[in-house]
Amino acid sequence: MNKKKRNVIDKAHELFIEQGYHATSIQDILDHSGISKGSFYNYFSSKSELFKAVFNLILENMQIERDKLLIGEDVSDINIFKEQISFIMKLNKKNKLNQLIDDVLVSSDPDLIKFIKQFKLLFLHWVYERFLDIFPRDKEIYLMDCAVIFTGVVQNILYMSHTLKTTFKMKEMVNYSMDRVITILEDISTKGVHLFESEKLNTLLPQSDYNDFFNNEFSIATVNLKKVIEKGLGIEEQKMTTYLNLLYFIQEEIMNNKEPRKFLIESALSTLKRTEELSNLKEFLQYEQILANMKYYPIS
């Protein structure tokens, strides 16, 4: 990303946290980032587009760090999921995401409202997918209800703790929420009742080969490969930087574009595949296979 553009995003992030989205004007952003109005509109078509860039950057960092917690662990371990949720809640608090979301939802910008609603649906979908990892398969038809209940409990605990200025330990809140879900799951599965179908949620998600911000398989493979590259492998620093930039580009292209440019992804992957240091690594082969399954790269 252009350094000046990244600086605008970072400075806007600071202002949105400090003042809120609506209270921050474009002029505030220009003054705080030290750029001209012309430069601003060269990077972003509107303040709402800048907000999306800020929000996506937060989500990307959250996704990478959250999924690192799964590396080398059993995905069915409920304690790992609790750690992931605790991390997400801490990041939420640090970035005042709930306040920013509420600020946007009362706006008159339909595109921005849709963006936030999709984020909420994507988070719900991620929780549901993780519940599929954690709970027995015979409970599957009840897990969509449990994901809805869990996200509602967590979000409302965060909201009320902020409103009432009550402090809870993150671990305490997560354990409380999961204990409620486990109790409810046992009750509704015993009675054989549920309200929601996961297939209906899928119809509301953004339609693309890469389904959402929270695709564990792709993000974990990316993190694994980056870690191997960063260890060195006898690669000179300039080459290492090039490889990491190519991985970052592929991740950005897939995550932040509604229609990722397949030919660019294939070109970046071809460059990585031609490198002797990476081409035979199991981490690269796994990464390549995942992208082939996502129809972004045909393995020959």
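Here the structure is shown first, and the text comes after it.
Residues numbered from 1 in each chain as written. Predicted model: local features only at pLDDT ≥ 70, side-chain atom pairs only at ≥ 80, totals over all residues. Heavy atoms only, no water.

Asks: Can you explain the overall build of the protein chain? Please cite residues and give values.
Replies: A tally of helices and strands in the protein chain yields 15 helices and 0 strands. Rg of the C-alpha trace for the protein chain: 21 Å, near the compact-globule value of 19 Å for 300 residues, within the 12% margin. In terms of overall dimensions, the protein chain has C-alpha extents of about 60 × 50 × 35 Å along its principal axes. Taken across its 300 residues, the protein chain has 47% of its residues classed as buried. (Helix = DSSP H or I, 4+ residues; strand = E, 2+ residues; numbered from the N terminus. Rg over C-alpha atoms; globule rule 2.2 N^0.38 Å. Buried < 20%, exposed > 50% of the residue type's maximum accessible area, 1.4 Å probe, protein only.)

Asks: Describe the packing of helix H4 (residues 47-68) against helix H7 (residues 110-134), listing the residues and the values that go with them.
Replies: Orientation of H4 relative to H7, taken along the N-to-C sense of each, is 10°, at an axis distance of 10 Å. What the angle tells us is that H4 and H7 run roughly parallel. Side by side, H4 and H7 meet where Ser48, Glu49, Phe51, Lys52, Phe55, Asn56, Leu59 and Arg66 of the first sit next to Asp111, Leu112, Phe115, Ile116, Phe119 and Trp126 of the second. The residue inventory of the contact of H4 with H7, partitioned by class, reads 8 nonpolar, 2 polar and 4 charged. (Axes fitted to C-alpha atoms, helices over the stretch in contact; angles between N-to-C directions. Parallel < 35°, antiparallel > 145°, perpendicular 65-115°, else oblique. Contact = heavy atoms within 4.5 Å. Nonpolar A, V, L, I, M, F, W, Y, C, P; charged D, E, K, R; others polar.)

Asks: Residues and numbers for the packing of aromatic side chains, please.
Replies: The geometry of an aromatic ring pair is captured by the separation of the ring centres together with the interplanar angle, meaning the angle of the planes. Counting across every chain of the model gives 15 aromatic pairs. Three or more aromatic residues link up through ring pairs in this structure, and these residues are Phe16, Tyr21, Phe51, Phe55, Phe115 and Phe119. Between lysine 47 and the ring centre of tyrosine 21, over which it is positioned, the NZ or CZ distance is 4.3 Å. The ring of tyrosine 176 has arginine 180 lying over it, and the distance from NZ or CZ to the ring centre is 4.8 Å. (Phe/Tyr/Trp six-rings, centres within 6.5 Å; stacked < 30°, edge-to-face > 60°. Lys NZ or Arg CZ within 6 Å of the ring centre and 35° of its normal.)

Asks: Please give an account of the nonpolar core that cites residues and values.
Replies: With 62 residues, the main nonpolar core has Leu50, Phe51, Phe55, Phe81, Ile85, Phe131 and Phe150 as its most contacted residues. Ranked by residues supplied to this core, first place goes to H7 with 13 residues. Not counting residues up to four positions away in its chain, the partners in contact with phenylalanine 150 are Phe81, Ile85, Val127, Phe131, Ser177, Met178 and Val181. In terms of nonpolar packing, the next biggest core, distinct from the first, is built from 25 residues, Leu225, Ala268, Tyr287 and Tyr296 among them. (Core = buried A, V, L, I, M, F, W, Y, C linked by side-chain atoms within 4.5 Å.)

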